[in-house]
Amino acid sequence: MTSHRPTLIITGASRGIGRSTTIIAIQKLGANVIGVARSKESLEKLSQHIEGDLNLKDRFKFVVGDVTAESTSQEAVALALKSWSGKLDGLVLNAGAFDVNVFACMTTLQHALPALRESKGRIVILSSGVSFIPIHGWSAYCSSKAALSMFTDILALEEPELTTISLRPGVADTDMAKVSKERGAKHMLPEQLAMFSKENENSLPVVHPDEPGHVAASLAISADPSLNGKKLDYYDEELKSHH
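As the structure is a computational prediction, the values presented were derived from the model and not from experiment. (Residues numbered from 1 in each chain as written. Predicted model: local features only at pLDDT ≥ 70, side-chain atom pairs only at ≥ 80, totals over all residues. Heavy atoms only, no water.)

Quick look at the sheet that holds strand 6 (residues 163-168)
Backbone hydrogen bonds are what pair the strands of a sheet, in a parallel or an antiparallel way. What counts, and what does not: Pairing between strands is defined by DSSP: at least two bridges between the two strands are required. Put simply, DSSP marks the helices as runs of H or I at least four residues long and the strands as runs of E at least two long, and each gets a number from the N terminus on. In this analysis, axes come from line fits to C-alpha atoms, helices being fitted only over the stretch in contact, and the angle between any two N-to-C directions falls in the range 0 to 180 degrees. Working rule for contacts: check all heavy atoms of both residues, and any pair within 4.5 Å makes them a contact.
In space, the seven strands of this open sheet follow the order 3-2-1-4-5-6-9, with parallel pairing throughout. Both outer strands of the open sheet, strand 3 (60-64) and strand 9 (231-233), are each paired with one neighbouring strand and no more. On average, each strand axis in the sheet is tilted by 20° relative to the strand beside it, whichever way the strands run. Across the sheet, helix 3 (residues 70-81) is in contact with strand 1 (7-11), strand 2 (32-37) and strand 3; its angle to strand 3 comes to roughly 160°. Set on the sheet, helix 5 (residues 139-158) makes contact with strand 5 (122-126), strand 6 and strand 9; between it and strand 5 the angle comes to about 165°.

This is how it looks when you write it as structure tokens:
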């Protein structure tokens with residue numbers, strides 16, 4: 001870790017894994033964070049929690065906006081570079097829909113690249129098992145995650161001095177998992193819907209967002225360059241030191 005507090009930009013910071021990653025990066029790993037999300041109310045609540053409940057002052061700043069808008073990415077990078085150390089050390093790209101997953105990630109990275117090249121920084125892309133497992137009714141989401149898998153390969157090839165990692169967080173106990181379980185019966189195959197049910201013997205383990213969030217934050221701060229281009233599950237042995 002560098003001598004200054006590392007500065008991260010985390011997209012989708014207001015809820016789920018993004019929120020957990022933000023809190024852990026600040027509270028446990030000593031980072032400063034620029035959080036990006038659409039909900040001003042949620043970001044303000046997160047800021048109040050960090051400053052009030054956790055008593056961690058001037059460690060979190062946020063940008064309200066849709067990351068599909070290029071201006072949001074520009075604002076986030078500019079805020080990072082005029083705050084704290086004046087450097088950007090890591091980027092956690094955490095998002096949902098196709099345009100957010102693919103095009104917004106590319107746009108955010110485009111604006112962050114000059115600063116990341118200077119710091120020889122790290123990029124953590126939140127992936128999913130559905131990047132290679134098709135789910136009935138999830139065409140856009142599966143396709144977007146598959147596109148990001150190739151994006152990881154391209155970044156690792158074109159930006160060898162950066163460290164780009166694709167991280168699969170598993171099934172986390174987030175709003176998305178709950179919606180999948182509640183509404184999935186209309187769209188998903190029964191055996192695939194069962195993966196989201198804790199009561200089903202074939203279900204995947206459902207984890208708290210803090211678990212993959214901790215790994216994502218730690219990788220964004222201190223991932224070894226040897227991990228560049230790797231596509232890993234958050235619980236893989238290779239990532240043991242980041243838990």
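Following the structure, the description resumes.
Thoughts on the packing of helix 1 (residues 16-27) against helix 2 (residues 40-53)
Relative orientation and spacing of two packed helices are given, respectively, by the angle between their axes and the distance between those axes. We count it as follows: Put simply, angles under 35 degrees are roughly parallel, angles over 145 are roughly antiparallel, angles from 65 to 115 are roughly perpendicular, and the rest are oblique. Each crossing is labelled by how the near helix is turned from the far one, with a counterclockwise turn of less than a right angle marking it left-handed and a clockwise turn marking it right-handed. Residues are grouped as follows: Ala, Val, Leu, Ile, Met, Phe, Trp, Tyr, Cys and Pro are nonpolar; Asp, Glu, Lys and Arg are charged; all remaining types, including Gly, are polar.
Interhelical geometry of helix 1 versus helix 2 gives an angle of 25° and a closest axis separation of 11 Å. With respect to their mutual orientation, helix 1 and helix 2 come out roughly parallel. Crossing geometry of helix 1 relative to helix 2 is assigned as right-handed. Note on element contacts: helix 2 touches helix 1 through Leu46, His49 and Ile50, opposite Arg19, Thr22, Ile23 and Ile26. Partitioning the contact of helix 1 with helix 2 into residue classes produces four nonpolar, two polar and one charged.

Here we look at the pairing of strand 3
Selection rule: For a crossover, the right-handed case is the one in which the path from the first strand over the helix to the second runs clockwise, viewed with the strands pointing away from the viewer.
Both strand 2 and strand 3 contribute to a ladder of five bridges, which runs parallel. Across the sheet, isoleucine 34 pairs through a bridge with lysine 61, a residue of strand 3. Handedness of the strand 2-helix 2-strand 3 crossover: right-handed.

Some words on the nonpolar core
Condition: Residues grouped as a nonpolar core are buried Ala, Val, Leu, Ile, Met, Phe, Trp, Tyr and Cys residues, joined through side-chain atoms within 4.5 Å. For each residue, the accessible area found with a 1.4 Å probe, counting protein chains only, is set against the maximum for its type, and the residue is called buried under 20%, exposed over 50%, and partly exposed in between.
Ranked by size, the top nonpolar core spans 34 residues in total, and within it Leu8, Val124, Leu167 and Leu219 carry the most contacts. Only strand 1, helix 1, strand 2, helix 2, strand 5, strand 6 and helix 8 (210-222) provide two or more residues apiece to this core. Element by element, the count of residues in this core is highest for helix 8, at six residues. If we skip the residues at most four places from it in the chain, leucine 167 touches Val124, Ile125, Leu126, Ser127, Pro212, Val215, Ala216, Leu219, Leu232, Asp233, Tyr234 and Leu239. Of all hydrophobic cores here, the second largest spans 25 residues; its members include Val67, Leu91, Leu93 and Leu162.

Some details on helix 2
Defined as follows: Under the convention used throughout, the expected extent of a helix is 1.5 Å for every residue step, that is, one less than its residue count.
Across its 14 residues, helix 2 extends 19 Å between first and last C-alpha, which sits within 8% of the 20 Å expected from 1.5 Å per residue. Elements that come into contact with the buried residues of helix 2 comprise helix 1, strand 2 and strand 3. Of the residues trailing helix 2, asparagine 55 is marked for its positive phi of about 55°.

Overview of unusual backbone geometry
Look at aspartate 58: it is not a glycine, yet its phi comes out positive at around 50°. As for its placement among the helices and strands, aspartate 58 is situated in the loop between helix 2 and strand 3. Even without being glycine, lysine 120 reaches a positive phi, approximately 50°. On the secondary structure map, lysine 120 appears in the loop between helix 4 (98-119) and strand 5.

Observations concerning the environment of isoleucine 133
Structurally, isoleucine 133 is set in the loop between strand 5 and helix 5. For isoleucine 133, a relative accessible area of 41% gives the class partly exposed. The sequence separation of isoleucine 133 and alanine 146 amounts to 13 residues, and the corresponding C-alpha distance is 9.3 Å.

Describing the packing of aromatic side chains
Centre-to-centre distance and the angle between the planes together describe a pair of aromatic rings. Applicable threshold: Any two rings among Phe, Tyr and Trp, with Trp reduced to its six-membered ring, count as a pair given centres within 6.5 Å; such a pair is stacked if its planes are under 30 degrees apart, edge-to-face if over 60, and tilted if neither. Note on geometry: a ring has a charge over it if NZ (lysine) or CZ (arginine) is within 6 Å of the ring centre and within 35 degrees of the ring normal.
Tallied over the entire structure, the rule returns two aromatic pairs. Ring geometry for phenylalanine 60 versus phenylalanine 62: centroids 6.1 Å apart, planes at 35°, classification tilted. Relative accessible area serves as the criterion here: at 25%, phenylalanine 62 is assigned to the partly exposed category. Considering the side-chain rings of tyrosine 234 and tyrosine 235, the 5.3 Å spacing of their centres and the 80° angle between planes classify their relative orientation as edge-to-face. Exposure remark for tyrosine 234: the relative accessible area of 6% places this residue in the buried category. Seen from the ring of tryptophan 84, lysine 61 lies directly overhead, with NZ or CZ sitting 5.1 Å from the centre.

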